[in-house]
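Reading the structure
Each chain, letter by letter, is given below.
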Amino acid sequence: MRLPRVEDFEARARGPRLTARVGTWLGVAFGVCFLTGMWSHLQYDPPAWAPIGPRPTSLYRWTQGLHVATGIACVPLLLVKLWSVFPRLFARPPAGLRRLALHALERWSIAVLVASALFQLVTGLLNVVQWYPWSFSFRPAHEAVAWVAIGSILVHVAVKLPVVRQTFAPEDTEDGDGDGDGTGAERAGAPGRRAVLATALGASAVATVLTVGQSVPWLRRVSVLAVRDGTGPQGLPINRTARAAGAVDAATDADFRLEVVHGDRRVTLSRAELAALPQRTHRLPIACVEGWSRSATWTGVAVRDLLELVGAPAASTVRVTSMQTRGAFARSELPAVFVEDHRTLLALELEGEPLDLDHGFPCRIIAPNRPGVLQTKWVRTLEVRA
Ligand SMILES: Nc1nc2c(c(=O)[nH]1)N[C@H]1C(S)=C(S)[C@@H](COP(=O)(O)O)O[C@H]1N2
Ligand SMILES: [Mo]
């Protein structure tokens, strides 16, 4: 038995033209995915310099929907791209120390590129289905490896630019139907480059359409592979149930009191007392980090109106604590720009009915243009930060 050689794998479609074209589409999709992903990390924990506020109301819905959609679109493209260059794994290293070193360096950079891109797509997809078969924390890992991936992609593009340029030059007629790569390895009956490219782009589009209905309402019915189909109590999907969060007992306790705290001042309010305060109704989206989103009509008390009860300025940063006893997202922080907006509610009702227990009864936070994970349910305390 001998090790295979590059020539053993020749398929009619393979070659720099296919690789460059799939690579270009992949680069665009991955680029959008990277930028929207970085935006999401910023929204999660807005630094002072970032211009992130309650408007545009649906911005996060768009950026995160795009993030997940482009990530899914990348999967078939990456697979076809790997297929197109796979035989080169068996290229024999060149002779001569200098060329060998360069070769090793190039191979190493490609290994980093492939590993980090695969890591991003796999962890992203598993996060969408909420399966975490690993022990690291998803968000910091997904963010850190994103920088490795985008860095190695930029290096890769820079190195390959001359080849890519060449392949986008007009084809010479030697190629006949333009389907081959000019290496003379064409086989009759095998799919040509155009067919493979069309299949890759088609698969990418189909994968996207089959899932994007979780954020695009009019595609909901065709998106049969969407993880959330847009249904749930009161017409809204549930991210985590009250039972899963260990919030049932506290949330259904008749003695429930919301606490609003500002320094030494503390006001407690029953749900009936909250309902007796001036109510506001707004249509606002829940935009989950995992890609699904849905607009709904919420009614409740503006957080800034609650702050008034303890003499705190409307432009205060507020720490929100929930009654949940299990799992992450028990706490969130509302930056002052969001608190100031009268549409930032402690919601009591959804679609004109008292909140379902799984949507955060007795009360939950809903603010415009925020990641879903920060729309804290089963709220017990609002505390003005010093
Ligand atoms: N206390 C608490 N609030 C929470 C969560 C949670 O796990 N615990 N999940 C968040 C996430 S990830 C999302 S997307 C929204 C979803 O709200 P819904 O389940 O009412 O649709 O709630 C958020 N609020
Ligand atoms: Mo979420």
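All of these numbers come straight from a predicted model, not from anything done at the bench.

Rules used throughout
- Residues numbered from 1 in each chain as written.
- Chains lettered and ligands numbered in written order.
- Predicted model: local features only at pLDDT ≥ 70, side-chain atom pairs only at ≥ 80, totals over all residues.
- Heavy atoms only, no water.
- Helix = DSSP H or I, 4+ residues; strand = E, 2+ residues; numbered from the N terminus.
- Buried < 20%, exposed > 50% of the residue type's maximum accessible area, 1.4 Å probe, protein only.
- Contact = heavy atoms within 4.5 Å.
- Areas by Shrake-Rupley, 256 points an atom, 1.4 Å probe, with all protein chains shown as cover.
- Lys, Arg positive; Asp, Glu negative; His and termini not counted.
- Charge placed at Lys NZ, Arg CZ, Asp CG, Glu CD.
- Pairing = 2+ DSSP bridges.
- Axes fitted to C-alpha atoms, helices over the stretch in contact; angles between N-to-C directions.
- 1 Å grid on protein atoms, 1.4 Å probe; cavity = no way out; pocket = protein on both sides within 12 Å on 5 of 7 lines; lining within 4 Å.
- Points joined across faces, edges and corners; volume = space filled by probe spheres on them.
- Nonpolar A, V, L, I, M, F, W, Y, C, P; charged D, E, K, R; others polar.
- Near = heavy atom within 4 Å.
- Polar contact = N/O pair within 3.5 Å; in protein donor to acceptor, adjacent residues only side chain to side chain.
- Sits in = over half its atoms within 2 Å of the grid points.
- Domains from an automatic or database assignment.
- Buried area = accessible area lost by both parts, 1.4 Å probe.
- Salt bridge = Lys/Arg side-chain N within 4 Å of Asp/Glu carboxyl O.

This brings us to the overall build of the chain. Tallying secondary structure elements over the chain gives nine helices and ten strands in all. The C-alpha extent of the chain, read off along each of the three principal axes, is 80 × 45 × 40 Å. For the chain, buried positions account for 45% of its 386 residues. By sequence separation, contacts in the chain at least 24 residues apart represent 70% of the contacts at least 6 residues apart. Approximately 19400 Å² of the chain is accessible, and the part contributed by carbon and sulfur atoms is 62%. Here the chain holds 42 positive side-chain charges and 33 negative ones, and the gap between their average locations is 4 Å.

Read across the sheet, five strands follow the order S2-S1-S10-S5-S6 without closing on themselves; strand pairing throughout is mixed. Here the strands that pair on one side only, and so sit at the sheet edges, are strand S2 (265–269) and strand S6 (331–334). Averaged over all adjacent pairs, the angle separating strand axes in this sheet is 15 degrees, with direction ignored. The pairing of strand S5 (residues 318–322) with S6 spans four bridges and is antiparallel. Within S6, the position partnered with valine 318 by the bridge is leucine 334.

Another point: the layout of surface pockets. In this structure, the largest pocket encloses a volume near 1300 Å³. Along the wall of the largest pocket there are 42 residues; nearest its centre are Thr19, Lys81, Val85, His156 and Lys160. Mapped onto the lining of the largest pocket, the elements with two or more residues apiece are helix H1 (16–44), helix H2 (59–85), helix H3 (97–128) and helix H4 (138–168). Considering every element that reaches the lining of the largest pocket, the biggest residue donor is H4, with ten residues. Along the lines of polarity and charge, the residues of the lining of the largest pocket split into 25 nonpolar, nine polar and eight charged. Contributing to the lining of the second largest pocket are 39 residues, with Asn127, Phe138, Arg139, His142 and Val289 lying nearest its centre.

Here we come to the site of ligand 1. Close contacts around ligand 1 come from 20 residues, with Pro237, Gln324, His359, Arg364 and Lys377 the closest. Between ligand 1 and arginine 240 there is a distance of 2.8 Å, counted from an oxygen atom to a side-chain nitrogen or oxygen. At a separation of 2.8 Å, an oxygen atom of ligand 1 approaches a polar side-chain atom of arginine 364. Taken by itself ligand 1 offers 530 Å² of open surface, and the protein chains cover 100% of this. In this structure, ligand 1 is accommodated by the largest cavity. When its residues are assigned to classes, the shell around ligand 1 shows ten nonpolar, seven polar and three charged.

Along its sequence, the chain is organised into domain 1 (6–219) and domain 2 (235–384). The centre of domain 1, based on its C-alpha atoms, is set 40 Å off from the matching centre of domain 2. At the junction of the two partners, domain 1 supplies 22 residues and domain 2 supplies 25 residues. In total, about 1900 Å² of surface goes out of reach between domain 1 and domain 2, with carbon and sulfur atoms giving 51% of it. For domain 1, the biggest contributors to the area lost against domain 2 are Tyr44, Pro54 and Arg61; these three give 31% of the whole. Between domain 1 and domain 2 we count zero salt bridges in total. Put simply, domain 1 and domain 2 have ten residue pairs in polar contact (both at pLDDT 80 or more) between them. Secondary structure elements with two or more residues in the side of domain 1 that touches domain 2: H1, H2 and H3. For the side of domain 1 that touches domain 2, the element with the highest residue contribution is H2, accounting for six residues. Of the residues belonging to the side of domain 1 that touches domain 2, the class tally is ten nonpolar, ten polar and two charged.

It is worth spelling out the environment of leucine 306 at this point. Along the chain, leucine 306 falls in helix H8 (residues 303–309). What makes leucine 306 buried here is its relative accessible area of 0%. Spatially, the C-alpha atom of leucine 306 lies 58 Å from that of lysine 160, the residues being 146 residues apart in sequence. With sequence-adjacent residues up to four places away left out, leucine 306 is seen in contact with Leu258, Val260, Leu269, Leu274, Leu277, Val301, Leu346 and Leu382.

Moving on: empty space enclosed by the protein. Counted under the stated rule, the structure contains two cavities of 30 Å³ or more. Size it by volume and the largest cavity reaches roughly 280 Å³. Forming the walls of the largest cavity are 21 residues, and the residues nearest its centre are Asn239, Arg364, Gly372, Gln375 and Lys377. Class assignment of the residues belonging to the lining of the largest cavity gives a composition of ten nonpolar, six polar and five charged. Looking at the second largest cavity, its volume works out to about 40 Å³. Of all the secondary-structure elements, those providing two or more residues to the lining of the second largest cavity are H2 and helix H5 (193–212). The dominant element in the lining of the second largest cavity, judged by the number of residues it contributes, is H2, at four residues. Residues that form the lining of the second largest cavity fall into these classes: four nonpolar, five polar and no charged.

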